[in-house]
Amino acid sequence: MASDHYFYVLLCHDGSFYGGYTTDPVRRLKEHNSGTGAKYTHPQSRRPVTMIHNEKFATRSEATKAEAAFKKLSRKQKEAYLKKAAQ
């Protein structure tokens with residue numbers, strides 16, 4: 001059975017963004033909010049987090065490439081990307 005692959009973006013409590021990859025966005029959000037999701041979202045100051053964006057891809061490679069490209073953007077570029085994606 002083929003699984004879906006997602007690139008997602010979290011808005012952290014401190015106002016920062018976190019981009020990641022998962023096959024299950026609901027589970028992954030629960031992990032981040034429990035402090036077990038990633039080193040970046042572990043500090044209490046970054047939680048709770050809200051998933052503000054997710055994109056489905058056919059392959060893991062496509063999803064992780066989208067994640068890597070997002071992480072290279074400046075804050076202003078990330079905001080523009082998210083605004084455009086929400087339209």
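Everything numeric here is computed off the predicted structure, so don't read it as measured data.

About the cut-offs
Residues numbered from 1 in each chain as written. Predicted model: local features only at pLDDT ≥ 70, side-chain atom pairs only at ≥ 80, totals over all residues. Heavy atoms only, no water. Buried < 20%, exposed > 50% of the residue type's maximum accessible area, 1.4 Å probe, protein only. Helix = DSSP H or I, 4+ residues; strand = E, 2+ residues; numbered from the N terminus. Pairing = 2+ DSSP bridges. Axes fitted to C-alpha atoms, helices over the stretch in contact; angles between N-to-C directions. Contact = heavy atoms within 4.5 Å.

Draft legend 1. Spatial organisation of the pairing of strand β1 (residues 5-11). Within β1, six of the seven residues are buried, which leaves it mostly tucked inside the rest of the structure. Pairing analysis gives six bridges linking β1 to strand β2 (residues 17-22), with the strands arranged antiparallel. Looking at the pairing, Val-9 lines up with Gly-19 of β2. As consecutive antiparallel partners, β1 and β2 are separated by five residues, and within that stretch Gly-15 has a phi angle of approximately 90°, a positive value.

Draft legend 2. View of the sheet that holds strand β3 (residues 50-57). Pairing within the open sheet is antiparallel, and its three strands lie in the order β2-β1-β3. Across the chains shown, the open sheet's two edge strands, defined by having one partner strand only, are β2 and β3. When the angles between neighbouring strand axes are averaged without regard to direction, this sheet yields 20°. Packed on one face of the sheet, helix α2 (residues 60-71) meets β1, β2 and β3 and runs near 25° to β1.

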